[in-house]
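# Secondary and tertiary structure notes
Residue-level listing of the chains:
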Amino acid sequence: MTHDLSPTPREQLLDLIRTLAVVHGKVTLSSGREADYYVDLRRVTLHHRAAPLIGHLLLDRLEEVGLGTAEIDAVGGLTLGADPVATALLHAAASRGQDLDAFVVRKEAKAHGMQRRVEGPDIAGRKVVILEDTSTTGGSPIAAIEAAREAGAEVLGAAVIVDRATGAQAKIEALGVPYHYLFSLTDLGLA
């Protein structure tokens, strides 16, 4: 009997994150805190091999917690971190024959045109999950949760690729939004 020793999609993505996204050295995070490393997830969310893995693994994770495409209508978050994650999920769902829209939350509403803060298919009256690549303080997902609610959406969850375990989960869950993630800092060998 032969055993398939090829890495699972989860193991493949974890390796890509460790190899491409983890940068060692002193950095100042968006929260103002200093760290000895930086997890630059755009290096994977925009990567040709990693992005499809992110879409499928995050879609699988959402299905595990009861937030599959039968329960939610759209995914999105604050531009720029959430944009490629939402697109990856949209494509993963489409490849499975499922309908899932994506949306983008601007940092502030446009002063011209439609003057919308949430771009893409209308999310009013729809069930959504807020996405982010990683979160330290929870600021970006919280801003997106507030914008989605103001746009009339029902926010059923928030999901990130890497949880930094620095308080984002507690702040997001305090808003009544369940928080989910694919990898912890321990998974990345950083805790």
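Conventions and cut-offs
Residues numbered from 1 in each chain as written. Predicted model: local features only at pLDDT ≥ 70, side-chain atom pairs only at ≥ 80, totals over all residues. Heavy atoms only, no water. Helix = DSSP H or I, 4+ residues; strand = E, 2+ residues; numbered from the N terminus. Axes fitted to C-alpha atoms, helices over the stretch in contact; angles between N-to-C directions. Parallel < 35°, antiparallel > 145°, perpendicular 65-115°, else oblique. Left-handed = near helix turned anticlockwise from the far one by under 90°. Contact = heavy atoms within 4.5 Å. Nonpolar A, V, L, I, M, F, W, Y, C, P; charged D, E, K, R; others polar. Salt bridge = Lys/Arg side-chain N within 4 Å of Asp/Glu carboxyl O. Buried < 20%, exposed > 50% of the residue type's maximum accessible area, 1.4 Å probe, protein only.

Between Thr79 and Leu80 the backbone carries a cis peptide bond, its omega angle lying at 25°. At Ala165, a residue that is not glycine, the phi angle is positive and equals roughly 55°. Its location among the elements puts Ala165 in the loop between strand S7 (154-163) and helix H6 (168-173).

Turning our attention to the packing of helix H1 (residues 9-21) against helix H3 (residues 50-64). Between H1 and H3, the shortest axis-to-axis distance is 10 Å and the interhelical angle comes to 130°. Viewed along their axes, H1 and H3 adopt a mutual orientation that is oblique. Crossing of H1 against H3: the hand is left-handed. For the pair H1 and H3, the contacting residues are Pro9, Arg10, Gln12, Leu13 and Leu16 in the first and Ala50, Leu53, Ile54 and Leu57 in the second. Partitioning the contact of H1 with H3 into residue classes produces seven nonpolar, one polar and one charged.

This part takes up the pattern of salt bridges. Enumeration according to the criterion identifies eight salt bridges in this entry. Arg43 is the partner of Asp40 in a salt bridge, and the nearest nitrogen-oxygen pair spans 3.1 Å. Look at Asp40 and you get buried, because its relative accessible area is 17%. For Arg43, a relative accessible area of 44% puts it in the partly exposed group. Here Glu63 ties to Arg96 by a salt bridge, and the two come within 3.5 Å at their closest N and O atoms. Taken together, the positions of Glu63 in helix H3 and Arg96 in the loop between helix H4 (83-95) and strand S4 (101-105) put the pair 33 residues apart, joining distant regions of the chain. Judged by its relative accessible area of 33%, Glu63 is partly exposed.

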